Amino acid sequence: MNCQSILSNIGFECLPLDEATLRIWSPFSYGTDGEHVGLYVQALGNQVHVTDNAEALMHASAMGVKISDRRIDTLRRAVSNVSISRGGTISTTVDDSQVQEAVVAVLNAALAVGHFETAWAPRVRSESLTKLVADEPPRLVRRLLRLGEWSHHEEVTEVFPRGRRTRRAHGVRRQGP
């Protein structure tokens, strides 16, 4: 087994790590950060072991996903032709004549993690405009809330009137000496 035979069959980048192990990078990436999916292919006599070395689930974890047994089980149901360990390693061992199918199976499972990563990512709660302007003077809050309802397609015709005694944003000026 060598990189050229792998490249000629599936067309990915390949680097030999030792006499029996290859590191393969695919043109596909996890999630949205652009990190490429990588695999390891190791010859074991007349069999081949293909693994992601837990990189797919480690990437998801690094992106904030909490990896649980339930999520690993969901992934196992989605990709049934590889094994997924509790530690997150995706792997399969096949005869050396089936190396392409094994690479595709592990790659598909790693890509499935990338797809699940989007759904499993923690939700970021955005603050509402009302909470953001809570410490502002009431008159400014009224204007900001009204501005928040406008669309760029609407023409603005209404302007909030000033009260006859209102002089500053913080309220009425004190009368007298």
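Structure: see above.
Just so it is clear, the structure is predicted and the values come from calculations on it, not from any experiment. (Residues numbered from 1 in each chain as written. Predicted model: local features only at pLDDT ≥ 70, side-chain atom pairs only at ≥ 80, totals over all residues. Heavy atoms only, no water.)

### Considerations on helix 2 (residues 55-62)
Logical step 1: Taken residue by residue, helix 2 has Glu55, Ala56, Leu57, His59 and Ala60 as its buried positions.
Logical step 2: Residues of helix 2 that are buried sit in contact with strand 2 (21-29), strand 3 (36-44), helix 3 (69-78), strand 5 (83-84), strand 6 (90-95) and helix 4 (99-120).
Logical step 3: Downstream of helix 2 by a residue or two, Gly64 has a phi angle that is positive, lying close to 100 degrees. (Buried < 20%, exposed > 50% of the residue type's maximum accessible area, 1.4 Å probe, protein only. Helix = DSSP H or I, 4+ residues; strand = E, 2+ residues; numbered from the N terminus. Contact = heavy atoms within 4.5 Å.)

### Side note on the pattern of salt bridges
Logical step 1: Taken as a whole and judged by the stated rule, the model has three salt bridges.
Logical step 2: With a shortest N-O distance of 3.4 Å, Asp69 and Arg86 are connected by a salt bridge. Linking Asp69 in helix 3 with Arg86 in the loop between strand 5 and strand 6, this pair joins segments that are 17 residues apart in sequence.
Logical step 3: For the salt bridge of Arg76 with Asp73, the shortest nitrogen-to-oxygen distance reads 2.9 Å. Separated by three residues within a single helix, Arg76 and Asp73 lie in helix 3, roughly one turn from each other. (Salt bridge = Lys/Arg side-chain N within 4 Å of Asp/Glu carboxyl O.)

### Thoughts on the sheet that holds strand 2
By way of backbone hydrogen bonds, the strands of a sheet pair with one another, either parallel or antiparallel.
Logical step 1: Spatially, 1-2-3-4-6-5 is the arrangement adopted by the six strands of the open sheet, whose pairing is antiparallel. The open sheet terminates on both sides in strands that have one partner only, identified here as strand 1 (13-16) and strand 5.
Logical step 2: Where strand 2 lies against strand 3, six bridges are found, and the strand directions are antiparallel. Pairing of Ser29 across the sheet is with His36, part of strand 3.
Logical step 3: On top of the sheet, helix 4 reaches strand 2, strand 3, strand 4 (47-51) and strand 6; it is set at about 170 degrees to strand 6, its chief contact. (Pairing = 2+ DSSP bridges. Axes fitted to C-alpha atoms, helices over the stretch in contact; angles between N-to-C directions.)

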